[in-house]
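Each chain, written out:
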Amino acid sequence: MEYSIFVLLLPMMMFLFIGLLQGKLKGQSAGIIGTISMSLTTIIAYAVAFDYFFSPESKIDGIYQKIVEYNWVWLQLTENLHIDLGVLLDPISCMMLVVITTVSLMVHIYSLGYMHGERGFARYYAFLSLFSFSMLGLVVATNIFQMYIFWELVGVSSYLLIGFYYTKPAAIAASKKAFIVTRFADLGFLIGILVLSFYAQSFSFTDLTAPGGVALSSAAGVSFLGASAAAWGLSLIFVGGAGKSAMFPLHIWLPDAMEGPTPVSALIHAATMVVAGVYLVARMFPLYIDAAPEVLPGIAYVGAFTSLFAAVIACFQSDIKRVLAFSTISQIGFMIVALGVSGMGGHDGLGYMAGMWHLFTHAMFKALLFLGAGAVIHAVHSNEMAEMGGLRKYMPITHITFLIACLAIAGIPPFSGFFSKDEILSACWEFSPVMFALMAGIAGLTAFYMFRLYYRIFWSTPTDVSHHTPHEAPAVMYLPLIFLALVTLVAGFIPFGDFVTSDGAVYHIHINWTVATISIVVAVVAIAIATVKYMKEKSKAPQNPLNNVGAFYRAAYRRFYIDEVYMFVTHKIIFAYISRPIKWFDRQVVDGFMNFLAWGANALAARIKGFQSGQVQQYAYVFVLGVIILIVIALAL
Amino acid sequence: MDIPMQCYLLVAAVMFFCGIYGFITRRNVLAMLISLELILNAVNVNFVVFNRFLYPEALEGYFFTLFSIGVAAGETAVAIAIIINIYRNIKNIKVENLDNMKF
């Protein structure tokens, strides 16, 4: 599997190539080159994953091992503290390679149609390559510091792509918001890395996640504010993951990130980057179990609350991409809950396996939903549900694929979402019945808001087609939809437990029929409610969705005023009472002192510059006088 | 009859201070150059005199004088070339006009 390095090199070369030559690449050429290279990357990634999962070398006694394929010492800080760059293959990184390259390739192909003729087409493909490179580098990181480096790189590419339409003020504001919020969370991640590596004396994942938590044995007994050092470090790392994965209260950037092009939302803000936080927790999972098991329920509660919160908001949004964004937050909440309720090994590790599986299936059907939404937006030139309706006649392929994805996310068998969500619910059931009831309820909400979205787009009152008839997307756009729909149809039958489990041993998935029945009933009831309410909806949603609605609807539409709270805290408190005095000190005292020095030097120079008259003879005269004075002094002494 | 060494040194000193005086007071760059030659030659005289009177068996003083004359010739050539260029540019060679290098 030495060729695994090409998975990283190819997109990086493509980024440099397209990025440097973007002025020279005319028409569609940048997109075609980028897509071809991404196809190669995808093939290599599939080969790596296939080799890893099916070759005998990667298993010892039937347990998948971590294989460090490459490791270069990049920055030697001290004897045993160094930052490396390399490639680590294990079940979750191989699974992520497949997810990222698949979705990225689909988005590359789809964008050929969606971004056709846009200004900055080549720049768009350069950024897509940069993102693919960074995300792949993140998942194959051999050590937590390499992960951090690539973590920031995906943040940068997300920032660049959200702000792709840089002439739109909303896009610029959204890109800044995404960058600042995730950066703020990354501060927690960095401190967590420093705390862990201080005690473990290593950044490497193989050392950190060694069995029995030996990495943090030197931290035993160290505590701060009532929690152990390991708990602090791991909680801070989760803060970083929560920022990227849009967990409450750091979720505010993700809905705004929808200002970017829709394929970007599909790739970055639905399928890959936002699950980096889940991946991070999964990567550190053995350490969580061994060193700080008390942190995991906390993670589960954060995930459950976020999931509920986002699902409620999603029921009231009117912008289709916003609905999908909140749905993404909610589904990531599911994955986080799954990890939080999980134990280690065998049946206890069910949650871990379920979380990873849901990550896989969700990436596929959520990318499909976003790409379908992109096709709809492409056809009606609007994000608002009020502008849509009755599109099933005009866009049959988009309609069918969208329906498949909706059924998958709602948890209807035999679509992939049913299987992974069912495993998560089983894991919750074993954690506590309350958690199970909550998550099953959220699953119902999910089914409701997805079908509200589906009916509002494809059924309800037909859209006004008098001046513009919506039409089906071109083939480059609907072929990825069909592919992803096929994946969504079959992904549930992958024996996922054979590949990805908490301890690497094979786990035979069996459906818990009590749980499955409850979840199917909940989903069907929710879909039925949505059908009654929205399928034949006569009156369209009013232009101003806040007319004649209750206070709760209003609050949910406004996303429970979390953005306003942030605005209040930052503007009215932090800016007014902290930033302004600091600014005054900086301007008046720090800058003032420096300005005084500069002013003093200037004034002195103005007075003495007359000496520099340019008259050679004056200089000679002064020189001779000086010599004479020196001689007189010498004689006098 | 032998002329004492002090007489030579006196002549050299007079030449030297004439040179300095001329260098500081003359307004013509050519005249300043001539004053400079006076200073150099005063030093040359000193070299020869010290060699002749103090170390008659050595030759370094004479050689140094020859060397200095050679350098002075070169320096004069360069200086005159510069002065000609100055004349071409500002149509005179008054030193008080050459103040482009001031602050």
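These numbers were taken from a predicted model, which means no experiment stands behind them.

**Student:** What is the right way to look at the overall build of chain B in this model?
**Tutor:** The helix and strand inventory of chain B stands at three helices and zero strands. Relative to the globule expectation of 13 Å for 103 residues, the C-alpha radius of gyration of chain B, 17 Å, shows a markedly less compact shape. For chain B, the C-alpha atoms occupy an extent of roughly 55 × 30 × 25 Å along the three principal directions. Relative to its full complement of 103 residues, chain B shows a buried share of 27%. Taken as a whole, chain B presents about 7,200 Å² of accessible surface, with 71% of it coming from carbon and sulfur.

**Student:** Help me understand the overall build of chain A in this model?
**Tutor:** Looking only at helices and strands, chain A features 23 helices and six strands. With the C-alpha coordinates aligned to their principal axes, the bounding extent of chain A is approximately 115 × 65 × 50 Å. Counting the 637 residues in chain A, one finds 56% classified as buried. Across chain A, every contact between residues at least 6 apart in sequence was considered, and the portion connecting residues at least 24 apart equals 80%. Split by element, the accessible area of chain A, about 26,000 Å² in all, is 70% carbon and sulfur.

**Student:** Help me understand the nonpolar core in this model?
**Tutor:** It is characteristic of soluble globular proteins that their nonpolar side chains tend to be buried jointly. By size, the foremost hydrophobic cluster in this structure holds 219 residues, and its most contacted members are Met284, Tyr288 and Met356 of chain A. Here this core takes 22 residues from helix H15 (residues 350-380) of chain A, the largest share from any one element. Other than its neighbours up to four places away in sequence, tyrosine 288 of chain A contacts Leu234, Ile237, Phe238, Val281, Pro293, Val295, Leu296 and Ile299 of chain A. Grouped together as the second largest cluster of nonpolar side chains are 13 residues, Ile20, Val29, Ile93 and Val95 of chain B included.

**Student:** Even after reading the chapter, I still don't get the pattern of salt bridges, so can you show me in this structure?
**Tutor:** When their charged atoms lie close together, side chains carrying opposite charge are able to pair. Residue and element names in this part refer to chain A. Tallying each qualifying case throughout the model produces six salt bridges over all chains. The salt bridge involving aspartate 256 is made with lysine 177; its shortest N-O contact spans 2.8 Å. Of the two residues, aspartate 256 sits in helix H9 (residues 253-256) while lysine 177 sits in helix H6 (residues 169-200), which places them 79 residues apart along the sequence. Across this residue pair, the class does not change: aspartate 256 and lysine 177 are buried. One salt-bridge network, in which partners are shared between bridges, spans Lys168, Glu259 and Arg322.

**Student:** What's the story with the packing of aromatic side chains in this structure? I'm lost.
**Tutor:** Ring pairs (aromatic) are described by centroid distance and by the angle formed between their planes. In this structure the tally under the stated criterion is 41 aromatic pairs over all chains. Ring centres of phenylalanine 248 of chain A and phenylalanine 305 of chain A lie 4.9 Å apart, and the angle between their planes is 75°; on these two criteria the pair is classed as edge-to-face. On the criterion of sequence distance, the pair formed by phenylalanine 248 of chain A in the loop between helix H8 (229-244) and H9 and phenylalanine 305 of chain A in helix H13 (residues 295-314) is long-range, its members being 57 residues apart. On the basis of relative accessibility, which here comes to 26%, the residue phenylalanine 248 of chain A falls in the partly exposed class. An aromatic cluster of at least three residues, connected via ring pairs, comprises Phe50, Tyr52, Phe53, Phe54, Tyr64 and Phe499 of chain A. The positively charged end of arginine 52 of chain B is found above the aromatic ring belonging to phenylalanine 53 of chain B, 5.6 Å away from the centroid.

**Student:** What's the story with the packing of helix H14 (residues 320-340) of chain A against helix H18 (residues 433-458) of chain A in this structure? I'm lost.
**Tutor:** The angle between the axes and the distance between the axes are what describe a pair of packed helices. Residues and elements named next belong to chain A. The N-to-C vectors of H14 and H18 enclose an angle of 160°; their axes lie 11 Å apart at closest approach. Of the possible angle classes, the one that applies to H14 and H18 is roughly antiparallel. Taken as a pair, H14 and H18 cross one another with a handedness that is left-handed. Mapping the contact onto sequence places Ile320, Val323, Leu324, Ser327, Ser330, Gln331, Phe334 and Val337 in H14 and Met435, Met439, Ile442, Ala443, Thr446, Tyr449, Met450, Arg452, Leu453 and Ile457 in H18. Taken together, the residues that form the contact of H14 with H18 break down as 13 nonpolar, four polar and one charged.

**Student:** What exactly am I supposed to notice about the pairing of strand S3 (residues 67-76) of chain A here?
**Tutor:** Residue and element names in this part refer to chain A. Relative to strand S4 (residues 82-89), S3 runs antiparallel, the two sharing eight bridges. The partner of asparagine 71 across the bridge, within S4, is glycine 86. The turn linking S3 back onto S4 is made up of five residues.

**Student:** Please explain the packing of helix H2 (residues 29-54) of chain B against helix H3 (residues 60-90) of chain B as it appears in this structure.
**Tutor:** Residues and elements named next belong to chain B. Look at H2 against H3: their axes get within 9 Å of each other, and the N-to-C directions meet at 175°. In terms of their interaxial angle, H2 and H3 are classed as roughly antiparallel. Across the contact of H2 with H3, the residue classes break down as 14 nonpolar, six polar and four charged.

**Student:** Mind showing me how you'd approach the interface of chain A and chain B here?
**Tutor:** Reports of interface size often rely on the accessible area that becomes lost once the parts have come together. Listed by partner, the interface residues are 10 residues for chain A and 14 residues for chain B. Taken together, the two surfaces of chain A and chain B that pack against each other cover about 1,000 Å², and 65% of this comes from carbon and sulfur. Here chain A is connected to chain B by zero salt bridges. The tally of links between chain A and chain B comes to five residue pairs in polar contact (both at pLDDT 80 or more). Here the residues of the side of chain A that touches chain B sort into three nonpolar, six polar and one charged.

**Student:** Would you take a moment to explain helix H1 (residues 5-25) of chain B for this structure?
**Tutor:** Owing to its 3.6 residues per turn, the α-helix aligns residues three or four sequence positions apart on the same side. In a regular helix each residue adds 1.5 Å, so 21 residues correspond to 30 Å; H1 of chain B covers 30 Å between its end C-alpha atoms and thus fits that length. Every buried residue belonging to H1 of chain B is among Met5, Ala12, Gly19, Ile20, Gly22, Phe23 and Ile24 of chain B, and all of these are buried. Residues of H1 of chain B that are buried sit in contact with helix H23 (616-636) of chain A together with H2 of chain B.

**Student:** So what exactly am I meant to see when it comes to the environment of threonine 570 of chain A here?
**Tutor:** All names here are of chain A. Mapping threonine 570 onto the fold places it in helix H22 (residues 562-608). A residue is classified by how much of its surface remains accessible, and threonine 570, at 24% relative accessible area, is partly exposed. Distance from threonine 570 to histidine 399, taken between C-alpha atoms, is 43 Å for residues 171 residues apart in sequence.

**Student:** Sorry if this is basic, but what is going on with the confidence of the model for chain A here?
**Tutor:** The predicted structure's coordinates, where accompanied by low pLDDT, should not be read in detail. The predicted model of chain A has a mean per-residue pLDDT of 86, with 96% of residues at 70 or higher. Across chain A, H23 of chain A holds the top mean pLDDT of 92, while strand S5 (residues 223-224) of chain A sits lowest at 74.

**Student:** Please clarify how H2 of chain B should be interpreted in this entry.
**Tutor:** Helix length check: H2 of chain B (26 residues) gives 37 Å between terminal C-alpha atoms against 38 Å at 1.5 Å per residue, within 8%. Here the buried face of H2 of chain B lies against H23 of chain A together with H1 and H3 of chain B.

**Student:** Would you mind showing me how to read the environment of aspartate 563 of chain A here?
**Tutor:** Residue and element names in this part refer to chain A. Tracing the sequence through the fold places aspartate 563 in helix H22. Separated by 45 residues in the primary sequence, aspartate 563 and isoleucine 608 have C-alpha atoms spaced 59 Å apart. Every residue in contact with aspartate 563, bar those within four places of it in the chain, is listed here: Lys177 and Ile252.

**Student:** What should I look at first to understand a nonpolar patch on the surface in this one?
**Tutor:** Together, Tyr561, Val565, Phe568, Val569, Ile573, Ile574, Phe575, Tyr577, Ile578 and Ile582 of chain A line one region of the surface with nonpolar side chains, adding up to about 940 Å² of accessible area. Here isoleucine 573 of chain A lies in helix H22.

**Student:** How should I be thinking about the side chain of glutamine 317 of chain A in this particular structure?
**Tutor:** Along the chain, glutamine 317 of chain A falls in the loop between H13 and H14. Owing to a relative accessible area of 4%, glutamine 317 of chain A belongs among the buried residues under this scheme.

**Student:** Where do I start with the side chain of serine 55 of chain A in this structure?
**Tutor:** Along the chain, serine 55 of chain A turns up in the loop between helix H2 (29-54) and strand S1 (59-60). Each residue touching serine 55 of chain A, except ones within four places of it in the same chain, is listed here: Met1 and Phe50 of chain A.

**Student:** Would you mind going over the confidence of the model for chain B with me for this structure?
**Tutor:** When the pLDDT values of chain B are averaged, the result is 90; 98% of them are 70 or greater. Among the prediction metrics, the complex's ipTM stands at 0.86, with pTM recorded as 0.79.

**Student:** Explain the environment of isoleucine 628 of chain A to me, please; I cannot follow it from the model alone.
**Tutor:** Residues and elements named next belong to chain A. Tracing the backbone through its elements, the reader meets isoleucine 628 in helix H23. What makes isoleucine 628 partly exposed here is its relative accessible area of 42%. Once the C-alpha coordinates of isoleucine 628 and phenylalanine 575 are considered, the two residues, 53 residues apart in sequence, prove to be 66 Å apart.

What counts, and at which threshold
Residues numbered from 1 in each chain as written. Chains lettered and ligands numbered in written order. Predicted model: local features only at pLDDT ≥ 70, side-chain atom pairs only at ≥ 80, totals over all residues. Heavy atoms only, no water. Helix = DSSP H or I, 4+ residues; strand = E, 2+ residues; numbered from the N terminus. Rg over C-alpha atoms; globule rule 2.2 N^0.38 Å. Buried < 20%, exposed > 50% of the residue type's maximum accessible area, 1.4 Å probe, protein only. Areas by Shrake-Rupley, 256 points an atom, 1.4 Å probe, with all protein chains shown as cover. Contact = heavy atoms within 4.5 Å. Core = buried A, V, L, I, M, F, W, Y, C linked by side-chain atoms within 4.5 Å. Salt bridge = Lys/Arg side-chain N within 4 Å of Asp/Glu carboxyl O. Phe/Tyr/Trp six-rings, centres within 6.5 Å; stacked < 30°, edge-to-face > 60°. Lys NZ or Arg CZ within 6 Å of the ring centre and 35° of its normal. Axes fitted to C-alpha atoms, helices over the stretch in contact; angles between N-to-C directions. Parallel < 35°, antiparallel > 145°, perpendicular 65-115°, else oblique. Left-handed = near helix turned anticlockwise from the far one by under 90°. Nonpolar A, V, L, I, M, F, W, Y, C, P; charged D, E, K, R; others polar. Pairing = 2+ DSSP bridges. Buried area = accessible area lost by both parts, 1.4 Å probe. Polar contact = N/O pair within 3.5 Å; in protein donor to acceptor, adjacent residues only side chain to side chain. Expected span 1.5 Å × (residues − 1). pLDDT = per-residue confidence, 0-100. Patch = residues over 30% accessible without salt bridge, like charges linked within 9 Å, V, L, I, M, F, W, Y side chains within 5 Å.

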